Amino acid sequence: MTRLGHCCDTAVQTLGVCVACWVRDCSLPPMFVLGCGLARGRAARCPHLASSANGIAGALLPHGPTQKEGSLLGEKRSAMASAELGLSLQGTRESGADVRSANVTAVMALANILKSSLGPQGLDKMLVDDIGDVTITNDGATILKQLEVEHPAAKVLVELANLQDTEVGDGTTSVVIIAAELLKKANELVKNNIHPTTVIAGYRLAMRESIKYIQANMSVQVDKLEQDVLLSIAKTTLSSKFIGGDSELFSKIIVDAVKSVRVPGPNGKAKYPVSQINVLKSHGQSSSESVLVPGGYAIQISRGSQEMPTQVKPAKIALLDFDLKKHRMGMGVNIVIDDPEELERVRQKEMDLTKDKIKKIVDAGTTVVFTTKGIDDFAMKYLVEAGILAARRVDKKDIKRIAKCTGGTLLLTMADMDGEEKFDPQCLGSADEVVEQRVGDNDFLFIKGCSATKAATILLRGANEYMLEEAERSVHDALCAVSRTLESNSVVPGGGAVETALSLHLEDYATTFDSYEQWAIAEYAEALQVVPKVLAINGACDAIDLLADLRNCHTAAKKDPTKADQKWYGLDLMKGVVRNSVTAGVLEPMVSKLKSLKFATEAAITILRIDDLIKIAPDPEQQ
Ligand SMILES: Nc1ncnc2c1ncn2[C@@H]1O[C@H](COP(=O)(O)OP(=O)(O)OP(=O)(O)O)[C@@H](O)[C@H]1O
Ligand SMILES: [Mg+2]
C-alpha cells in the first residue's frame, strides 16, 4: 500500500474526527493508509474501532473511489456497521478481491487437472476412491465426479461438467477449461480496477456475439457435406478415448444404433432418444468383438429357472413391479389358531392366493414375465408348469424401457378399484421373440422385434472392468453427439477452428465499443484460445507456432475471398500442422459448441458475481 495521507492522530487533530467516525461518514476525504502503525495504536484506544471485527485494517482505505474500491469501501463499511450493531458472525468471512482470487485459484486447480486429458492426444486419469475402487477415464465429467471437491467455487465447475454431460453428453472437458480461463481473465480485469459488473456485461455481450457468429459463419448443414457426417462426428468424439483405436467399428455401431431408434416427434421433427439404446458390458474377448443387437433390447439377466424355455416366440410380456411369493399377512396382523387343521387351511389359502394371481396372469395369454421384485420357488413351479419364461430382479430402469418399447404397462398391483384381483391383457407388451443367449461369461435375455417404439442394444466386449466402463462412457458420448447432429442437422469444424475464428472475430467486435466492456470482450476472445493451445500442448506440438499459423489462416480467410475456405482450418495434431477440419472429417455437433459456450460463460459469471464468502462455523454443541 502506498502512503497517501495523514495518520489517524493527525486526522483527529486536523479533521476533528476519529477514524471510526470517518468510516461511518464517508463524505470526509479518504486519505488514510492501511497498516499505519500510529493509526493502529490510536484504534486500540478508539471505542468505535476497538469493537470492530475488522479492526483498523477494515476501517482505513488507501485512496479515492475507483470502480473497484468503491465496492470495497461498501463492503468494509457494512462489515463495520454489523459489528457495531452487535451482530457477530460465528464463522469466517472473506470479501472482495480475496474471495475472488481464492475462487479463481480453486477453479484453475481443477481445470489444470483436466487440461492434459483434452483432445485426441489427451491422456487418461486413474482415480482411486476411499474404498479402493479404481476408475480409469478421459471423460471430464467423470473425473470431476470422482474428485472430492470441497471448495464451493470449484463445486460450481463440477456442476457445470455434469450439466454439459446431461444436456449434451460430450464436451465436458472443454467446457470446464473455458470457464476456468474466462474466470482467470476476469480476475485480472478486476485487479486492474474494472468493476465485476462491467466484466459480466462484457462477457454476456461476447457470448451472444459468439453464438450469432457460429450460427451464421461457422456451421455447415449436414446435407451439404458429401462425406458421411455422422460417422465423422462419432469418430471425432471417440478420437480422444481409448476405444478410438477401433473407431471405424464403433462409429458404425453407434450410427446404426442411433438411426434405429428414430421416432417421429410431435412437430414433424424426428427424435433420436439415446435412452432407448442399452449399452451392455460383457467380460472377455477384445473390444473389437463388440456388436450391435439391432431392433431389440437386452438385459443382463438369466431366466428364473433352468426348466423354463430358453426361447419364446412370439412373446407376450407381463411387466410387474410386485413379488410373486407366497402371500403373507401384513405387518402387525396377529392370528391366533389353536386347531392344527385350521392352521393348515390358512397355509393352503396363502398358497392359493398366489396361485390364483399367477393363473390370472397366465390366462391373459402371457408367455414371458419380468418382475422388479422376487419370485419364490413355489411361484416358480407354477410358472414352469405354464411354460412361461420368467426373470426376477430386473432393474427398474430396464423394465421401464422394455415397457416403452414393447408397448406394455408396468403394473404396481393387480387389484382393481373394487379390491378384486384382475389382470388386463391390454397391459401385456409384445415382441417377436424373447430368447436367452450366452455372451462371454454372462447370460443375456434378448427381446427382439419390439412392437411399439424401437430399441437397440450395444454389447461391449473388453478385457477388464475398467476398460469396459470407460468404453461405455465413450460410447455414450458418441451416441449423444450423433443424436444431437441428427436432431439439429448442423455441424462445426473441430480441432480449435471455431475457437480461433471466434477469437479473431471478437477482437474486432471489441473495438466497436468505446466503454469498459471492450476490455472484457477482448479478454473473452483471448480466453477462447485456450482450447487450441491445450490441444497443441497435449499433442506435443509447438503451441505458439501452431496457434500463430492457425490465426494466420483465419485472418486470411476473413480478408481474402479466395482463401475463404481457410475458415474451416483447425489443428492436425498427428502431423503438427493446420488443415481443413471439414474435409478431414473432424466435426462436432453445433449444439454442443453453442451449449458449452453458454454454460461456460454462465458458470464463470456465477463465480465472478461472488464478492463475499461467509462460512458459518459448526455449532459447538452439535460438535
Ligand atoms: N482428430 C482431431 N484432430 C484435432 N482435434 C480434434 C480431433 N478430434 C477431436 N479434436 C478436438 O478435441 C476436443 C475434444 O476433446 P475431448 O473429447 O478430449 O474433450 P471434450 O469432448 O471436451 O470432453 P469429454 O469428451 O471428456 O466429455 C475438441 O475441441 C475437438 O475439436
Ligand atoms: Mg469428447
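So, here is what we can say about the structure in this document. (Residues numbered from 1 in each chain as written. Chains lettered and ligands numbered in written order. Predicted model: local features only at pLDDT ≥ 70, side-chain atom pairs only at ≥ 80, totals over all residues. Heavy atoms only, no water.)

## Re the nonpolar core
Thinking step 1. By size, the foremost hydrophobic cluster in this structure holds 113 residues, and its most contacted members are Val199, Ile214, Ile254, Val475, Leu479 and Tyr524.
Thinking step 2. With 11 residues, the top contributor of residues to this core is helix α10 (residues 172–191).
Thinking step 3. Discounting chain neighbours no more than four positions away, the residues touching Tyr524 are Leu182, Tyr203, Ala206, Met207, Ser210, Leu506, Leu597 and Thr601. (Core = buried A, V, L, I, M, F, W, Y, C linked by side-chain atoms within 4.5 Å. Buried < 20%, exposed > 50% of the residue type's maximum accessible area, 1.4 Å probe, protein only. Helix = DSSP H or I, 4+ residues; strand = E, 2+ residues; numbered from the N terminus. Contact = heavy atoms within 4.5 Å.)

## With respect to the sheet that holds strand β17 (residues 456–462)
Thinking step 1. Strand order in this open sheet of 3 strands is β7-β17-β8, and the pairing throughout is mixed. Edge positions in the sheet fall to β7 (277–283) and β8 (291–293), since each of these pairs with one other strand and no more. When the angles between neighbouring strand axes are averaged without regard to direction, this sheet yields 25°.
Thinking step 2. Packing against the sheet, helix α17 (residues 465–488) makes contact with β7 and β17, and its axis sits at approximately 160° to β7. (Pairing = 2+ DSSP bridges. Axes fitted to C-alpha atoms, helices over the stretch in contact; angles between N-to-C directions.)

## What to know about the packing of α10 against helix α11 (residues 196–218)
Each pair of packed helices can be described by the angle between their axes along with the distance between the axes.
Thinking step 1. Interaxial distance between α10 and α11 falls to 9 Å at its minimum, and their mutual angle equals 140°. Relative to α11, the element α10 is oriented oblique. Viewed along their axes, α10 and α11 form a crossing whose handedness is right-handed. Touching Leu182, Lys185, Ala186, Leu189 and Val190 of α10 are Pro196, Val199 and Tyr203, all from α11.
Thinking step 2. Partitioning the contact of α10 with α11 into residue classes produces 7 nonpolar, no polar and 1 charged. (Parallel < 35°, antiparallel > 145°, perpendicular 65-115°, else oblique. Left-handed = near helix turned anticlockwise from the far one by under 90°. Nonpolar A, V, L, I, M, F, W, Y, C, P; charged D, E, K, R; others polar.)

## Looking at the pairing of β17
Thinking step 1. Counted residue by residue, β17 has 7 buried out of 7 residues, so it is predominantly covered.
Thinking step 2. In this structure, β7 lies alongside β17, joined through 7 bridges in parallel fashion. What sits directly across from Leu280, in β17, is Leu459.
Thinking step 3. Bridging between β8 and β17 involves 3 bridges; their strand directions are antiparallel. Bridge pairing links Val293 to Thr457 in β17.

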